[in-house]
Structure formats: structure tokens, C-alpha cells
There are 2 protein chains.
Amino acid sequence: MMLKFDGALRSTIAGALSATVLISAALADPLPSWRDTASKARIIAFVDAVTNPASDDYVTPAERIAVFDNDGTLWSEQPLYFQILFALDRVREMAAVDPSILSSDTLKAAAEGDVATLAAGGTEAIAELMMVTHSGMSVETYRGDVTAWLDAARHPQTGLRFDEMVYQPMLELLRYLRDEDFETFIVSGGGIAFIRVFAERVYGIQPQNVVGSSLTAAYQVIDGVPTVMKEGELFFNDDKAGKPVGIHHHIGRRPILAGGNSDGDFEMLEYATAGDGPSLGLYVHHTDAEREWAYDREGHIGTLNRGLAEADARGFLIVDMARDWDKVFPAGGK
Amino acid sequence: MMLKFDGALRSTIAGALSATVLISAALADPLPSWRDTASKARIIAFVDAVTNPASDDYVTPAERIAVFDNDGTLWSEQPLYFQILFALDRVREMAAVDPSILSSDTLKAAAEGDVATLAAGGTEAIAELMMVTHSGMSVETYRGDVTAWLDAARHPQTGLRFDEMVYQPMLELLRYLRDEDFETFIVSGGGIAFIRVFAERVYGIQPQNVVGSSLTAAYQVIDGVPTVMKEGELFFNDDKAGKPVGIHHHIGRRPILAGGNSDGDFEMLEYATAGDGPSLGLYVHHTDAEREWAYDREGHIGTLNRGLAEADARGFLIVDMARDWDKVFPAGGK
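Nothing here was measured: the structure is a model prediction, and the numbers come from that model.

A. Just the overall build of chain A, in detail. Scanning chain A from terminus to terminus reveals 13 helices and nine strands. Projected onto the principal axes, the alpha-carbon positions of chain A cover approximately 75 × 60 × 40 Å. Put simply, chain A has 334 residues, and 54% of those count as buried. In chain A, 67% of the contacts between residues at least 6 apart in sequence involve partners at least 24 apart. Carbon and sulfur atoms form 53% of the exposed surface of chain A, whose accessible area is close to 13900 Å². For chain A, the distance from the average site of its 28 positive side-chain charges to the average site of its 49 negative ones is 4 Å.

B. Here's a closer look at empty space enclosed by the protein. Scanning all chains against the criterion turns up three cavities of 30 Å³ or more. For the largest cavity, the calculated volume is near 260 Å³. If you trace the largest cavity, you find 18 residues lining it, with A:Phe235, A:His249, A:His250, B:Phe235 and B:His249 closest to the centre. Among the elements of the structure, strand S4 (210–222), strand S5 (225–236) and helix H10 (242–250) of chain A together with strand S3 (210–222), strand S4 (225–236) and helix H10 (242–250) of chain B are those that each provide at least two residues to the lining of the largest cavity.

C. Summary view of the packing of helix H7 (residues 139–152) of chain B against helix H9 (residues 192–203) of chain B. Residues and elements named next belong to chain B. Two numbers describe how H7 lies on H9: the axes approach to 9 Å, and their chain directions differ by 60 degrees. Relative to H9, the element H7 is oriented oblique. You can see that H7 and H9 cross each other, and the crossing is right-handed. Contact with H7, carried on its side by Tyr142, Arg143, Val146, Thr147, Trp149 and Leu150, involves Ala193, Phe194, Val197, Phe198 and Arg201 of H9 and no other residues of that element. In terms of residue class, the contact of H7 with H9 is built from eight nonpolar, one polar and two charged.

D. Seen up close, the pairing of strand S1 (residues 65–68) of chain B. All names here are of chain B. Burial of the side chains of S1 extends over both faces: Ile65 and Val67 are buried on one face and Ala66 and Phe68 on the other. The sheet contact formed by S1 and strand S2 (residues 183–191) spans four bridges and is parallel. Counterpart to Ala66 in the pairing with S2 is Thr184. Both S1 and strand S5 (residues 257–260) contribute to a ladder of three bridges, which runs parallel. Among the inter-strand pairings, Phe68 is bridged to a residue of S5, identified as Gly259.

E. Examining helix H12 (residues 306–314) of chain B more closely. Residues and elements named next belong to chain B. Gly307, Leu308 and Ala311 are the residues of H12 that are buried. Down the axis of H12, the smallest arc covering the buried residues is 90 degrees, so these residues share one side. Seen from the open side of H12, the exposed residues pointing more than 90 degrees away from its buried face are Ala309 and Ala313. Considering only its buried residues, H12 is in contact with helix H11 (266–272), strand S6 (280–287) and strand S8 (317–320).

F. Representation of the packing of aromatic side chains within the structure. Counted by the stated rule, this structure contains 37 aromatic pairs over all chains. Where A:Tyr167 meets A:Phe329, the ring centres are 6.2 Å apart and the plane angle is 20 degrees; that geometry is what we call stacked. In this pair, A:Tyr167 sits in the loop between helix H7 (139–152) and helix H8 (168–179) while A:Phe329 sits in the segment after helix H13 (321–324), placing the two residues 162 residues apart along the sequence. Accessibility classification places A:Tyr167 together with A:Phe329 in one group, the buried group. Counting every residue linked through ring pairs, the aromatic cluster contains A:Trp75, A:Phe82, A:Phe86, A:Tyr142, A:Trp149, A:Phe162, A:Phe194, A:Phe198 and A:Tyr203. The side chain of B:Lys230 reaches across the aromatic face of B:Tyr142, ending 4.6 Å from its centre.

G. Expanded view of unusual backbone geometry. Cis geometry is adopted by the peptide bond preceding A:Pro79, which originates at A:Gln78 and carries an omega value of 0 degrees. Relative to the assigned elements, A:Pro79 resides in the loop between strand S1 (65–68) and helix H3 (82–97). Although it is not a glycine, A:Asp181 sits at a positive phi angle of roughly 65 degrees. Tracing the backbone shows A:Asp181 in the loop between H8 and strand S3 (183–191). We note that B:Lys240 has phi near 55 degrees; this positive angle belongs to a residue other than glycine. Following the sequence through the fold, B:Lys240 ends up in the loop between S4 and H10. A relative accessible area of 46% means that B:Lys240 is categorised as partly exposed.

H. Main features of the pattern of salt bridges. Considering all chains together, one arrives at 40 salt bridges over all chains under this definition. A salt bridge links A:Lys40 to A:Asp36, with the nearest nitrogen and oxygen atoms 3.2 Å apart. Between B:Lys243 and B:Asp265 there is a salt bridge, with its nearest N and O atoms 2.6 Å apart. Highlighted residues: B:Lys243 in helix H10 and B:Asp265 in the loop between S5 and H11, separated in sequence by 22 residues. This pair shows no difference in class: B:Lys243 is buried, exactly as B:Asp265 is.

I. Broad picture of the packing of helix H3 (residues 82–97) of chain B against helix H6 (residues 122–134) of chain B. All names here are of chain B. Two elements in contact, H3 and H6, have axes whose closest approach is 9 Å; the angle formed by their N-to-C orientations is 60 degrees. As the angle between them shows, H3 and H6 are arranged oblique. Both H3 and H6 take part in a crossing whose hand is left-handed. Note on element contacts: H6 touches H3 through Ile126, Leu129, Met130, Val132, Thr133 and His134, opposite Gln83, Ile84, Phe86, Ala87, Leu88, Arg90, Val91 and Met94. Here the contact of H3 with H6 is built from residues that sort into ten nonpolar, three polar and one charged.

J. Structural view of H10(B). Where burial is concerned, most of H10(B) is hidden: nine out of the nine residues are buried. Restricting attention to buried positions, one finds in H10(B) the residues B:Gly242, B:Lys243, B:Pro244, B:Val245, B:Gly246, B:Ile247, B:His248, B:His249 and B:His250.

K. Inspection of the environment of A:Lys40 at higher detail. Residue and element names in this part refer to chain A. Summarising the element assignment, Lys40 is placed in helix H2 (residues 38–51). Taking relative accessible area as the criterion, Lys40 reaches 5% and is therefore assigned buried. Among all residues touching Lys40, those that are not within four sequence positions of it are Asp29, Leu31, Trp34 and Arg35. At 2.7 Å, the side chain of Lys40 forms a polar contact with the side chain of Asp29. Only 3.1 Å separates the side chain of Lys40 from the backbone oxygen of Trp34, close enough to count as a polar contact.

L. Examining the side chain of B:Gln83 more closely. All names here are of chain B. Tracing the chain through its elements places Gln83 in helix H3. Polar contacts involving the side chain of Gln83 include one to the main-chain amide nitrogen of Gly191, which spans 2.9 Å. If we skip the residues at most four places from it in the chain, Gln83 touches Met130, His134, Tyr142, Gly190, Gly191 and Phe194.

M. Examining the environment of B:Val91 more closely. All names here are of chain B. With respect to the helices and strands, Val91 occurs in helix H3. Owing to a relative accessible area of 0%, Val91 belongs among the buried residues under this scheme. Residues Val91 and Met170 lie 79 residues apart in sequence; the distance between their C-alpha atoms is 32 Å.

About the cut-offs
- Every residue gets a number counted from 1 within its own chain, in the order that chain's sequence is written.
- Whichever chain is written first becomes A and whichever ligand is written first becomes 1, with later ones labelled in order.
- Under the rules for a predicted model, residues below a pLDDT of 70 receive no local features and side-chain atom pairs below 80 are neither given nor counted, while totals for whole chains, interfaces and linings still include all residues.
- Side-chain metrics rest on all non-hydrogen atoms present in the structure, leaving aside hydrogens and water.
- Strands here are runs of E lasting at least two residues and helices are runs of H or I lasting at least four, both read from the DSSP assignment and numbered beginning at the N terminus.
- Partly exposed residues are those whose accessible area sits between 20% and 50% of the maximum for their type, while under 20% is buried and over 50% is exposed, using a 1.4 Å probe and protein chains only.
- Contacts are residue-level and defined by heavy atoms, with any inter-residue pair within 4.5 Å sufficient.
- In these tables, accessible area is a Shrake-Rupley quantity obtained with a 1.4 Å probe, and a residue counts as shielded only by the protein chains included in the view.
- Charge counting follows a simple rule: Lys and Arg are positive, Asp and Glu are negative, and His as well as the terminal groups are ignored.
- To locate a charge, take atom NZ for lysine, CZ for arginine, CG for aspartate or CD for glutamate.
- Buriedness of a pocket was judged along seven lines, with at least five required to meet protein on both sides within 12 Å; pockets are open sets of points on a 1 Å grid over the protein atoms alone, cavities are sets where a 1.4 Å probe fits but cannot get out, and lining residues have an atom within 4 Å of a point.
- Grid points are joined across faces, edges and corners, and a volume is the space filled by probe spheres set on the points.
- Note on method: axes are straight lines fitted to C-alpha atoms, helices fitted across the in-contact stretch only, with angles between N-to-C directions ranging 0 to 180 degrees.
- These descriptions rest on fixed angle ranges, namely under 35 degrees for roughly parallel, over 145 for roughly antiparallel, 65 to 115 for roughly perpendicular, and the rest for oblique.
- By definition, turning the near helix anticlockwise from the far helix through less than a right angle yields a left-handed crossing, and turning it clockwise yields a right-handed one.
- Each residue receives one of three labels: charged for Asp, Glu, Lys and Arg, nonpolar for Ala, Val, Leu, Ile, Met, Phe, Trp, Tyr, Cys and Pro, and polar for the others, Gly being one of them.
- Pairing between strands is defined by DSSP: at least two bridges between the two strands are required.
- To be clear, the arc concerns the directions from the helix axis to the C-beta atoms.
- Between the rings of Phe, Tyr and Trp (Trp by its six-membered ring), a pair exists once the centres lie within 6.5 Å; its type follows the angle of the planes, with under 30 degrees stacked, over 60 edge-to-face, and the other angles tilted.
- In this scheme, the term charge over a ring applies when either NZ of a lysine or CZ of an arginine sits within 6 Å of the ring centre and within 35 degrees of the ring normal.
- What makes a salt bridge here is a side-chain nitrogen of Lys or Arg within 4 Å of a carboxyl oxygen of Asp or Glu, nothing more.
- The definition of a polar contact used here is a pair of N or O atoms within 3.5 Å, where within protein one atom must be able to donate a hydrogen and the other to accept one, and adjacent residues in sequence count solely through side-chain atom pairs.

Right, dumping it as C-alpha cells:
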């Protein structure tokens, strides 16, 4: 049995509904926090071209893969990657419960918030800090640790929650792309498990669409409870040339849009823009000392040299934060 | 400007449309190739419960993750995993072009189709065969190799294309789940890059939703062309206890439905059914020597011992191919 009603009436109503949707879409600005500059125009022109079936540049929805770095591209990364700030807070809390975990000068310095000593130890010291705070627990326990930290911690300069220091224009870009049947992914040098804790709520990006660096894990049945434990060896380093490799492992398809902010993203942009069809590589350029931060070639974090030098030749879009963005954070600011 | 029309009329039409959709859905059988047995009823009852907002077992769409093994669960795996049959054909072709690649007795045996010698060499011999046929080329070249093989090769017993030896009832289950806002993934001990070549076309599962075993890869710019090369070290073994780990790395969320056919899937089913909410673990039991194959405890492939022994206690659904499926392959058969 099928309920029936007049076909002509249905067509009329359907037509009116479609027209409404089309007209609303055309009138609404998909990127309201972007100023009307060439950057915004180029992004919209790209999306229009790849989504218009009549365009030579049309790309099927399945191929509309967009990838974004996280630190410095979707949220801030100053004065240190927020994940390191989490690790510093966490090691202090852990040491308060069990001081014996401070088994090295590096960890002692970290627990005292002595970032200078930690920095002097280089990547090895950072790795040691990350291991002790990111392994030896179940994935659920780790998720709880990060959630509690996000709720309690505030940025030293803005006083904002760290997950409020996301870029409103980039949130709009993510949503705009998804509305246009892109699938959006994060491809970050940061920890996949860390980002997954807030990516869905903050960016609308589900855990399965987060690609990142990771530690090994092991499956164990502990007291009858099937558990995935985070272990202390590096499994994958999703940075620089690792980013296209992470995309290969995790997505299995070349993106047509890639966004980053540093030379750590160069290979990802290079790879995404080397396909046969249309593509867009974009860099967020930190030019706004007033509302966010200004840094590029000399930064101790998020260094951007090659990207700036080769942007013109490669056709990368340089998004100038101070010039192109009407608003930086969703609320409040620096 | 918004086109407007009478609100009451719109409600009436919308109501009629909704009723039509609901009634059509209730009348259409989502699993037409499943016989009306307890297995089918249990699957449908589970899906109804988790998708009904009024049910205590309701699960939000974002949490509706369903994972399926591939070999023996979505397609056949006899007389050997089809990926090994690909490798045997491929090494013979490669040797015809360059005999020097047959650098060991194992590879010589493989190129001659001497499966007995290969099998006697155990997993090490298989690994050697896999490495030489699955590494040292770009991901695009590898994809071309598998595509060409799928087009040319035929199953020795059925004469079917290998990608026609997929189970019609499982294709229907995948589609039914997606129609009910599940996200479907493959979680296979087989090669992720191999499965991705046909998963979208055959199963409707996009490359990013395939989890599997993989080799390392490297990003290189070769003669100016950014390229991801498949390399010859094992990166991840997505089998047994590796399956929940692969799910952690790739999906980052515990599935609520898991389907497998062998003890290699046990941990995946165990993990998926250990969450707080409703869940379903199902095993495809190969009981149909006439239309497919009959094997379980003694199989040289797809051994199913623990799964059968513990199915009752753990509430796993055992799908009996001979009893529960009206049809096995979409067309033709054994």
C-alpha cells in the first residue's frame, strides 16, 4: 500500500521548496567572518567550480576530500602547542600523586613548568614528557584526562578555554565545505587521540576523520574488561613527508584541498595540489599580533619559510589573518 | 527573499510524504536474500532498537559504527585468500618480464604456482611473496596492478570474477545499515590497499572506511612528481588482537556491530560487544558446501573454533549460510 496524492501538486511544492533552498543558499554568505578579499573570492570560486556539474572542474562528492592541519591552522599554537601545555599540567598532577614518576631531570623540569630546560632538551625531552603523560593507560582513561584538562585549563594570555581558541573563519570553512559535500579531515602532527577528544564537538569532525601522530596500542582483556591500552612507542609520525603517508594510510585518496600554516604542512599541500584535477592548497599566515600572533620565518613553532617562498610558483593561497579575517576567535580574544 | 506558500498546505504535504516514506520502509524487506529465520529477525530487531529514538537502546547516528571482516565475511576465501591468488599471478607476470626477481626458492615456487611448497614455507614464505608483489611501486601503479588482475582473473572453481564472489546477503546488510545511518567499515587482516581497489564499487565502502594490514610507505618527489611509494616493511598487522587496535587507530570509537567469520575476528567481536550500550557480534558460518564452502574448526583458512565454542555465552549471532541465506553470490555460483 502506498499513500497517494496528486502528482502535479507534489511537483509544484517540490519545485517551490527547491527554489527556496537554492535562493537561500545563494544569498547566505557561507564565510561571514571572512572579509571580502581575494582570498575569500578564491575559496568560493574553487568550491563553486568543483561542485558545479556543468563545470570542467567538477569533482564528484566522493573525491571531495579536504584535509587540514590542526595547530596553527584550526586553532592557535602559541606560546607552545596546546598538547604540550596539557602534558606539562598533567605531569605535575601525576607527580603530586606519585612523585616517583619524575624519573629524570627532564620530567622534574617539566613538573616544575621549567619550559626552558625542557626546550633545551630538544625533541628527545619533549618525547619523554609526551610518553609519560600519553601512555600506560586505557584510551578511555586518556580521554578522561584530556577532557578534564580542557574543562579546567585556561590559556595564559587570553584566559580562554583552549578549545575556544579555534579560528571562527576556519570553522565556517569546514562547515561550508561539508555543506558542499566535501568530507573534512584533520591531518595533524599532533596526537590523534588528543585531537579526537574535542574535534567532533568543536570542529564537527568525527574521530574517524582525524589523522595524526600516534603511539602504539595493545588490546588486552583486563579483569574481564576488553581494553585498548596506549603504549609508549611511537607508531606514526604524521608530520612533514609523513603527512601524505598518513593520508595514504588513513584516507587512501588524494585530497583536492589542503590547508596548513607551516613548513610541516608543505608536503601535504604539495601532494594535494599534484593531482590531475582542480585543487587548492592554502596557508594560514599568522600576521595578526593584535588579535592572535604574528610569526612565520623565525617562529620557534609553526615555522613558515619554504611555504612562503614557493607559494606564488605553486599557486598556494596565502590567507593573511590580519587582512582576510574579520574575526579570529568565536568569542573574546587576545 | 524567501518564496513563501501556505504553511498549512505544507504541513499536510510533509505529513503525507513522511507517512509514505514510513509505510514504504516498513513494507520493503531490507534483507531480501536472507531467509525469514531467527538470524534475520535478530539483525532487524537490533537495527530497529538502536535507531528508534523511543527505545532504551537508542544509539545516536554518530555512534552507529559497524565493522566487517572481508575474507570469508564479505567475499569468499577459498581455496586461498584471493589476495594470495593475486600475488601468485602477479609474481608470474613479473618474472616473465624480469626473471631476476625470483631471488629465492619460495619465489620460484610461487611463480610456478607451486602452492604446496609455498604453504610449507609458512607465513614467512607468504610474507616474502606479498612483499615482492606489493611493494616497490607507487600506490597508483599498485592500484593499476590489482585493477587489471580483477578484470582478467577468474576463480578456478566458479569461473566468476573474484569481485563477483561477494555475498549478496552481506551487500544487503551493508546497505541496510547505511540506510539506517550506520557508518560501515571493513576491518580486515588482508591488505588495506588491495581491498580499497574494489571496496567502493563493490561494497559501497569508501577507501577511508577500509582498515587493514599494511606495509610502510614513503613520500617522494620523483622526477618532479609527488608520489607515495609502497615500501617493503610491515606497518600494521590488522588481525586477531590487532583488529581492536586497528579500530582504535583508524576509527577511534568502539563499534556497536561487528561481523566476522573466523577466530581472527574474535577480539574484534569481543571488543565491539563489550561497550556499555547495545551491540551485536555476528559470525558468518560457512556451512554450505553446495553453494559456497563448508569449513570451520579444521579449515586451513578461516578457522573458527573459539568463536563457535563461546558464541552462546557471549551472545554472538551465528549466521548459518546454508540455512539463513536464500542466495549466496549476486549472480551465478559454485
